[in-house]
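Structural description and commentary
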Amino acid sequence: MRKIVFMMSVSLDGYFEGPDHDLGWQLISDELHSHFNEWLATAGAFLDGRVTYELMASHWPTADQDPAASAPTIEFARIWRDMPKIVFSRTLEQAGWNTTIVREVVPEQIAKLKARPGGDLVIGGSVLASAFWAHDLIDELRLYVQPVLLGRGRLLFQLSDVKLSFRLAEVRPFANGVVLLRYERPAPS
């Protein structure tokens, strides 16, 4: 069965976004971007909230046409365009690039999606992840810890009454100082 994986870069002090929606602090080297591409190319679909989808759709459909684009950027533009995408939004009316719009997170529908053949389902966006947390639907975390303190911005994990346990499955450092911490849900006992 496919897994639902939440993937996000996070600062040392727990922020995924700096003040004024700043993401420019993230260190995305060719090595790290190639790692993302290798893993994401095997995914079955990207699950995004509206804000994340619109951010991605504003850049990736034509990112490979930039003459200064790196090889990993060119590769990811192709991956993003070709990958099935599901956008969870109550307001988005239309979406392109192989995208389906779903109005809300319904656990029974997510279970059916997980049961289909194919690669893992990758969540992008903290608000959407919170909705999945509330239904205990996330199987794996991939946190890319960036070597920076932001001091303020938007925290990755908002306060909630949900308590979930994970086990460390992988630690991988990258030359630019980013460290992947991959956690999986323990098997039910």
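Everything discussed here concerns the structure shown above.
Residues numbered from 1 in each chain as written. Predicted model: local features only at pLDDT ≥ 70, side-chain atom pairs only at ≥ 80, totals over all residues. Heavy atoms only, no water.

A word on the overall build of the chain
Counting its secondary structure elements, the chain contains five helices and 10 strands. Projected onto its principal axes, the C-alpha coordinates of the chain cover approximately 45 × 35 × 30 Å. When the 189 residues of the chain are sorted by exposure, 41% land in the buried category. Once local pairs closer than 6 in sequence are excluded, the contacts in the chain between residues at least 24 apart make up 71%. Of the accessible surface of the chain, which amounts to about 10,300 Å², a share of 54% is contributed by carbon and sulfur atoms. The distance from the centre of the 19 positive side-chain charges to the centre of the 23 negative ones in the chain is 6 Å. (Helix = DSSP H or I, 4+ residues; strand = E, 2+ residues; numbered from the N terminus. Buried < 20%, exposed > 50% of the residue type's maximum accessible area, 1.4 Å probe, protein only. Contact = heavy atoms within 4.5 Å. Areas by Shrake-Rupley, 256 points an atom, 1.4 Å probe, with all protein chains shown as cover. Lys, Arg positive; Asp, Glu negative; His and termini not counted. Charge placed at Lys NZ, Arg CZ, Asp CG, Glu CD.)

Looking at the sheet that holds strand β4 (residues 85–88)
The strands making up a sheet are joined through hydrogen bonds of the backbone, oriented either antiparallel or parallel. Pairing within the open sheet is mixed, and its eight strands lie in the order β5-β4-β3-β6-β1-β7-β10-β9. Of all strands in the sheet, those with a lone pairing partner are β5 (99–102) and β9 (167–173), marking the two edges. Direction aside, the axes of adjacent strands within the sheet are offset by 20° on average. Strand direction decides the pairing type here: strand β3 (residues 45–49) and strand β6 (residues 121–124), joined by four bridges, are parallel. Each residue of the ladder has a partner; that of Ala45, found in β6, is Leu121. Against the sheet, helix α1 (residues 30–40) engages β1 (4–11), β3, β6, β7 (140–146), β9 and β10 (179–184), with an angle of about 170° to β7. (Pairing = 2+ DSSP bridges. Axes fitted to C-alpha atoms, helices over the stretch in contact; angles between N-to-C directions.)

Describing the pattern of salt bridges
With the rule as written, the count across this model stands at 12 salt bridges. Here Glu184 ties to Lys3 by a salt bridge, and the two come within 3.8 Å at their closest N and O atoms. Here Glu184, found in strand β10, pairs with Lys3, found in the segment before β1; they are 181 residues apart in sequence, far enough to count as distant. The buried category is assigned to Glu184, whose relative accessible area is 16%. Judged by its relative accessible area of 26%, Lys3 falls in the partly exposed class. Here Arg185 ties to Asp136 by a salt bridge, and the two come within 2.4 Å at their closest N and O atoms. Within this pair, whereas Arg185 is found in the segment after β10, its partner Asp136 is found in the loop between α5 (126–134) and β7, the two being separated by 49 residues in sequence. Taken together, the shared-partner salt bridges in this structure form one network comprising Lys3, Glu140, Arg142, Arg167, Glu170, Arg182 and Glu184. (Salt bridge = Lys/Arg side-chain N within 4 Å of Asp/Glu carboxyl O.)

Some words on the packing of aromatic side chains
Overall, the coordinates contain eight aromatic pairs when judged by the stated rule. Between Phe6 and Trp133, the ring centres sit 6.3 Å apart and the planes meet at 90°, which makes this aromatic pair edge-to-face. Taken as a pair, Phe6 in strand β1 and Trp133 in helix α5 lie far apart in primary sequence, 127 residues in all. Pair check on accessibility: Phe6 and Trp133 agree, each one buried. Among the aromatic residues, those joined into a cluster by ring pairs are Phe6, Trp133, Phe157 and Phe166. Across the ring face of Trp80, the terminal group of Lys85 is positioned such that the distance to the ring centre comes to 4.3 Å. Positioned above the aromatic ring of Phe166 is the side chain of Arg185, whose terminal nitrogen or guanidinium carbon lies 5.4 Å from the ring centre. (Phe/Tyr/Trp six-rings, centres within 6.5 Å; stacked < 30°, edge-to-face > 60°. Lys NZ or Arg CZ within 6 Å of the ring centre and 35° of its normal.)

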